Amino acid sequence: MTDPMLLLLAAATFLLAGFIKGMVGLGLPTVAMGLLGLAMAPAQAAALLVVPSLVTNLWQLFAGPRFGGLLRRLWPMMAGICLGTWAGAGLLTGAGAERATVALGAALVLYAAIGLAGPRLTVPAGAERWWSGPVGAATGLVTAATGVFVIPAVPFLQALGLEKEDLVQALGLSFTVSTLALAAGLARDGAFPLDAAGTSLLALAPALLGMAAGQWLRLRVRPEAFRRWFFLGLLLLGCDLALRPLL
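Residues numbered from 1 in each chain as written. Predicted model: local features only at pLDDT ≥ 70, side-chain atom pairs only at ≥ 80, totals over all residues. Heavy atoms only, no water.

**As for the UniProt feature "transmembrane region" (unreviewed entry) in the chain**
As annotated in UniProt, the feature "transmembrane region" (unreviewed entry) corresponds to residues 44-62, 74-96, 102-123, 135-155, 167-187 and 199-217 in the numbering used here. Counting secondary structure, residues 167-187 comes out at 100% helix and 0% strand; the distance between its end C-alpha atoms is 30 Å. The span residues 199-217 carries 95% helix and 0% strand; its end-to-end C-alpha distance comes to 28 Å. (UniProt positions renumbered as here; feature names shortened; annotations may be inferred. Helix = DSSP H or I, 4+ residues; strand = E, 2+ residues; numbered from the N terminus.)

**Concerning the side chain of D166**
Here D166 is to be found in helix α9 (residues 164-188). When its relative accessible area of 10% is taken as the criterion, D166 is described as buried. A distance of 3.0 Å separates polar atoms of two side chains, one belonging to D166 and the other to R66. Residues in contact with D166, not counting those within four places in the same chain, are R66 and L70. (Buried < 20%, exposed > 50% of the residue type's maximum accessible area, 1.4 Å probe, protein only. Polar contact = N/O pair within 3.5 Å; in protein donor to acceptor, adjacent residues only side chain to side chain. Contact = heavy atoms within 4.5 Å.)

**Some thoughts on the pattern of salt bridges**
Enumeration according to the criterion identifies two salt bridges in this entry. Of the charged contacts, one joins D166 and R66 as a salt bridge, the two residues approaching to 3.0 Å between their closest N and O atoms. Here D166 is found in helix α9, whereas its partner R66 is found in the loop between α3 (42-62) and α4 (67-87), with 100 residues between them in sequence. Judged by relative accessible area, R66 falls into the partly exposed class, the value being 45%. (Salt bridge = Lys/Arg side-chain N within 4 Å of Asp/Glu carboxyl O.)

**Some words on helix α11 (residues 204-218)**
The first and last C-alpha atoms of α11 sit 21 Å apart over 15 residues, in line with the 21 Å expected at 1.5 Å per residue. Of all the residues in α11, the buried ones are L204, P206, A207, G210, M211 and G214. Along α11, the residues classed as buried sweep out an arc of 160 degrees about the axis, all on the same side. Summarising the geometry of α11, the exposed residues directed more than 90 degrees from the buried face are A205, L209 and W216. (Expected span 1.5 Å × (residues − 1). Arc of directions from axis to C-beta.)

**A short note on the nonpolar core**
Counting residues in each nonpolar core, the largest one holds 62 residues, and the members touching the most others are F14, L26, L74, M77, L157 and L234. Top contributing element to this core by residue count: α9, with nine residues. When sequence neighbours within four positions are dropped, the list of residues in contact with L74 reads E128, S132, L157, L160, A170 and L173. (Core = buried A, V, L, I, M, F, W, Y, C linked by side-chain atoms within 4.5 Å.)

Structure, rendered in structure tokens:
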């Protein structure tokens, strides 16, 4: 990607996406895919996402104290994510790639609606092992089709009743596995060339800068109010992407 305007858009997008992740603990791939999807194909946007998403999520993953225990508990979900993403990788890059923008918009609308409604979902302890794998597979398919890996992973993890720090670390684990699975799928289909990897690496700097600023501001504002505006913005962005072919 050599177009100066696209490079500027990518830098601004990852600065904003990193800022939101620093504020609320998630949202970098969602915001990045949504905004970049306004100017480029979803597969190209997903390729730019790989390095910033991987590094920031590894940071989030290893900042917590219970990596081993969470991995043992959630490995069926992680396996499902890998299988679902690998099986559906062509959805983002193949003949139906034009529909990926609509699918991305629908995923953003669904995610924003769940975030605004704030339903208190609970997964019974006995049902977790039965739902973990299918939820992972569904997350993988959504990831493969849209480049966004929050549905249904985030609502499911929030419904497990994890402690705050455990939840943040579990989200980091899920996002890290999803990022690696997405990168593998893109590389298999030839959609993650070396020049895309280089641009993705350049996008890391604004993402980290934004994340640091978001973490600083998180201590000084009410995160609930910011989260509400975040979901409202995602809702509008998702509607624009989903309805664009009809306009």
